[in-house]
Amino acid sequence: MKAIVKFPFVTVFFIAFIWLHSVMPASESSEESGFFLSLIESVFGSGFITEHILRKMAHFTEYMLLGMAAYYDVMRLFTKGNPRTVIAMYICLFTSVADESIQLFVEGRTGKLTDVWIDHSGSLTGIIIAFIILKLYRRYKKSSP
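Residues numbered from 1 in each chain as written. Predicted model: local features only at pLDDT ≥ 70, side-chain atom pairs only at ≥ 80, totals over all residues. Heavy atoms only, no water.

Regarding helix 5 (residues 84-103)
Because the α-helix completes a turn every 3.6 residues, residues three or four places apart line up on one side. The end-to-end C-alpha distance of helix 5 is 29 Å, a good match for the 28 Å that 20 residues give at a rise of 1.5 Å each. For helix 5, every residue scored as buried is listed here: R84, A88, C92, T95, S96, A98, D99, E100 and Q103. The secondary structure elements touched by the buried residues of helix 5 are helix 2 (9-22), helix 4 (51-77) and helix 6 (113-143). (Helix = DSSP H or I, 4+ residues; strand = E, 2+ residues; numbered from the N terminus. Expected span 1.5 Å × (residues − 1). Buried < 20%, exposed > 50% of the residue type's maximum accessible area, 1.4 Å probe, protein only. Contact = heavy atoms within 4.5 Å.)

Some thoughts on the packing of aromatic side chains
Tallied over the entire structure, the rule returns five aromatic pairs. Ring centres of F13 and F14 lie 5.5 Å apart, and the angle between their planes is 70 degrees; on these two criteria the pair is classed as edge-to-face. Residue classification places F14 among the buried residues on the basis of a relative accessible area of 17%. An aromatic cluster of at least three residues, connected via ring pairs, comprises F13, F14 and F17. (Phe/Tyr/Trp six-rings, centres within 6.5 Å; stacked < 30°, edge-to-face > 60°.)

Structural notes on helix 2
For helix 2, spanning 14 residues, the distance from its first C-alpha to its last is 20 Å, which sits close to the expected 20 Å at 1.5 Å a residue. Residues of helix 2 that are buried include every one of T11, F14, I15, I18 and S22, and no others. Buried residues of helix 2, viewed axially, fall in a sector of 100 degrees; they line one side. What points out from helix 2, more than 90 degrees from its buried face, is the exposed set F9, F13 and L20. The inward-facing, buried residues of helix 2 abut helix 4 and helix 5. (Arc of directions from axis to C-beta.)

Some remarks on the packing of helix 2 against helix 5
Between helix 2 and helix 5, the least distance of the axes is 9 Å, while the angle of their chain directions is 20 degrees. Classified by the angle their axes make, helix 2 and helix 5 are roughly parallel. You can see that helix 2 and helix 5 cross each other, and the crossing is right-handed. In this structure, helix 2 uses T11, I15, I18, W19 and S22 to contact helix 5, whose residues at the interface are I91, F94, T95, A98, D99, I102 and Q103. Split by residue class, the contact of helix 2 with helix 5 holds seven nonpolar, four polar and one charged. (Axes fitted to C-alpha atoms, helices over the stretch in contact; angles between N-to-C directions. Parallel < 35°, antiparallel > 145°, perpendicular 65-115°, else oblique. Left-handed = near helix turned anticlockwise from the far one by under 90°. Nonpolar A, V, L, I, M, F, W, Y, C, P; charged D, E, K, R; others polar.)

As for the packing of helix 5 against helix 6
Remark: helix 5 packs on helix 6, axes separated minimally by 9 Å, with the N-to-C direction vectors making an angle of 150 degrees. When the axis of helix 5 is compared with that of helix 6, the two are roughly antiparallel. Between helix 5 and helix 6 lies a crossing whose hand is right-handed. Residue-level inspection shows T85, A88, M89, C92, L93, S96, V97, D99 and E100 of helix 5 in contact with helix 6, the latter providing D115, V116, D119, H120, S123, L124 and I127.

Re the environment of Y71
Position of Y71 among the secondary structure elements: in helix 4. On the basis of relative accessible area, Y71 is assigned to the buried category, the value being 4%. Sequence separation between Y71 and K112 is 41 residues, and the spatial gap between their C-alpha atoms is 25 Å. Dropping the residues within four chain positions of it, Y71 is found in contact with T85, A88, I127, A130, F131 and L134.

Have a look at this one:
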(Lines give C-alpha, C1' and ligand atoms only; values in the text may rest on other atoms or scores of the structure.)
Protein backbone atom coordinates (compact mmCIF):
# COMPACT_ATOMS: atom_id res chain seq x y z
CA MET A 1 0.00 0.00 0.00
CA LYS A 2 2.87 2.35 0.74
CA ALA A 3 4.06 2.26 -2.91
CA ILE A 4 0.62 3.39 -4.11
CA VAL A 5 0.64 6.33 -1.70
CA LYS A 6 4.01 7.43 -3.08
CA PHE A 7 2.93 7.16 -6.73
CA PRO A 8 3.06 10.64 -8.30
CA PHE A 9 -0.64 10.81 -9.26
CA VAL A 10 -0.83 14.59 -9.66
CA THR A 11 2.30 14.85 -11.82
CA VAL A 12 1.11 11.99 -14.05
CA PHE A 13 -2.32 13.64 -14.29
CA PHE A 14 -0.84 16.96 -15.44
CA ILE A 15 1.43 15.27 -17.98
CA ALA A 16 -1.54 13.31 -19.36
CA PHE A 17 -3.66 16.49 -19.47
CA ILE A 18 -0.92 18.34 -21.38
CA TRP A 19 -0.25 15.55 -23.85
CA LEU A 20 -3.96 14.90 -24.46
CA HIS A 21 -4.29 18.55 -25.45
CA SER A 22 -1.27 18.15 -27.74
CA VAL A 23 -2.99 15.49 -29.84
CA MET A 24 -6.05 17.69 -30.39
CA PRO A 25 -6.33 18.84 -33.99
CA ALA A 26 -5.95 22.60 -34.50
CA SER A 27 -9.69 23.06 -35.08
CA GLU A 28 -10.62 21.48 -31.72
CA SER A 29 -7.87 23.34 -29.88
CA SER A 30 -8.96 26.64 -31.39
CA GLU A 31 -12.58 25.91 -30.49
CA GLU A 32 -11.58 25.27 -26.87
CA SER A 33 -9.51 28.47 -26.77
CA GLY A 34 -12.43 30.36 -28.31
CA PHE A 35 -14.72 29.14 -25.55
CA PHE A 36 -12.39 30.44 -22.84
CA LEU A 37 -11.81 33.66 -24.76
CA SER A 38 -15.58 34.28 -24.92
CA LEU A 39 -15.82 33.70 -21.14
CA ILE A 40 -13.05 36.22 -20.50
CA GLU A 41 -14.61 38.73 -22.91
CA SER A 42 -17.98 38.38 -21.16
CA VAL A 43 -16.32 39.51 -17.92
CA PHE A 44 -13.73 42.03 -19.13
CA GLY A 45 -15.13 43.10 -22.48
CA SER A 46 -14.01 42.53 -26.04
CA GLY A 47 -10.39 43.23 -26.94
CA PHE A 48 -9.12 42.62 -23.38
CA ILE A 49 -6.99 39.70 -24.55
CA THR A 50 -6.28 37.94 -27.83
CA GLU A 51 -6.55 34.21 -28.47
CA HIS A 52 -2.78 34.09 -29.06
CA ILE A 53 -2.00 35.63 -25.65
CA LEU A 54 -4.62 33.41 -23.99
CA ARG A 55 -2.97 30.29 -25.47
CA LYS A 56 0.49 31.38 -24.27
CA MET A 57 -0.91 32.08 -20.79
CA ALA A 58 -2.46 28.61 -20.81
CA HIS A 59 0.94 27.10 -21.68
CA PHE A 60 2.58 28.98 -18.81
CA THR A 61 -0.16 28.14 -16.31
CA GLU A 62 -0.43 24.42 -17.03
CA TYR A 63 3.34 24.06 -16.77
CA MET A 64 3.43 26.12 -13.58
CA LEU A 65 0.99 23.63 -12.06
CA LEU A 66 3.07 20.74 -13.42
CA GLY A 67 6.21 22.28 -11.88
CA MET A 68 4.53 22.53 -8.49
CA ALA A 69 3.27 18.93 -8.68
CA ALA A 70 6.58 17.55 -9.94
CA TYR A 71 8.55 19.33 -7.22
CA TYR A 72 6.22 18.02 -4.51
CA ASP A 73 6.24 14.47 -5.86
CA VAL A 74 10.01 14.40 -6.31
CA MET A 75 10.46 15.63 -2.74
CA ARG A 76 8.33 12.71 -1.53
CA LEU A 77 9.92 10.05 -3.74
CA PHE A 78 13.65 10.70 -3.50
CA THR A 79 16.05 10.82 -0.58
CA LYS A 80 17.81 13.99 0.48
CA GLY A 81 21.04 12.96 -1.25
CA ASN A 82 19.55 13.28 -4.74
CA PRO A 83 19.38 16.53 -6.72
CA ARG A 84 15.61 16.64 -6.36
CA THR A 85 15.00 20.12 -7.77
CA VAL A 86 16.99 19.26 -10.88
CA ILE A 87 14.98 16.04 -11.30
CA ALA A 88 11.71 18.04 -11.16
CA MET A 89 13.11 20.51 -13.72
CA TYR A 90 14.05 17.69 -16.10
CA ILE A 91 10.64 16.04 -15.77
CA CYS A 92 9.02 19.34 -16.79
CA LEU A 93 11.51 20.01 -19.59
CA PHE A 94 11.06 16.49 -21.01
CA THR A 95 7.28 16.92 -20.87
CA SER A 96 7.52 20.23 -22.73
CA VAL A 97 9.85 18.94 -25.47
CA ALA A 98 7.65 15.86 -25.92
CA ASP A 99 4.54 18.09 -25.96
CA GLU A 100 5.88 20.25 -28.78
CA SER A 101 7.21 17.19 -30.64
CA ILE A 102 3.79 15.51 -30.50
CA GLN A 103 2.27 18.61 -32.09
CA LEU A 104 4.53 18.19 -35.15
CA PHE A 105 2.45 15.15 -36.10
CA VAL A 106 -1.04 16.58 -35.42
CA GLU A 107 -3.19 18.10 -38.15
CA GLY A 108 -2.88 21.88 -38.23
CA ARG A 109 -0.52 22.05 -35.23
CA THR A 110 3.13 23.02 -35.06
CA GLY A 111 5.73 22.43 -32.40
CA LYS A 112 7.48 25.65 -31.44
CA LEU A 113 10.71 26.25 -29.59
CA THR A 114 9.24 29.46 -28.15
CA ASP A 115 6.49 27.38 -26.54
CA VAL A 116 9.14 25.15 -24.93
CA TRP A 117 10.65 28.31 -23.38
CA ILE A 118 7.24 29.53 -22.19
CA ASP A 119 6.44 26.07 -20.81
CA HIS A 120 9.75 25.76 -19.00
CA SER A 121 9.44 29.29 -17.59
CA GLY A 122 6.07 28.26 -16.18
CA SER A 123 7.46 25.06 -14.70
CA LEU A 124 10.40 26.88 -13.10
CA THR A 125 7.95 29.38 -11.61
CA GLY A 126 5.89 26.49 -10.23
CA ILE A 127 8.98 24.82 -8.76
CA ILE A 128 9.98 28.08 -7.05
CA ILE A 129 6.44 28.56 -5.68
CA ALA A 130 6.35 24.97 -4.39
CA PHE A 131 9.82 25.39 -2.83
CA ILE A 132 8.70 28.54 -0.99
CA ILE A 133 5.43 26.96 0.18
CA LEU A 134 7.25 23.87 1.42
CA LYS A 135 9.86 25.98 3.26
CA LEU A 136 7.15 28.08 4.92
CA TYR A 137 5.20 24.97 5.87
CA ARG A 138 8.25 23.32 7.42
CA ARG A 139 9.12 26.52 9.31
CA TYR A 140 5.53 26.79 10.58
CA LYS A 141 5.44 23.11 11.54
CA LYS A 142 8.76 23.38 13.38
CA SER A 143 7.71 26.47 15.35
CA SER A 144 4.27 25.23 16.37
CA PRO A 145 4.01 23.25 19.62
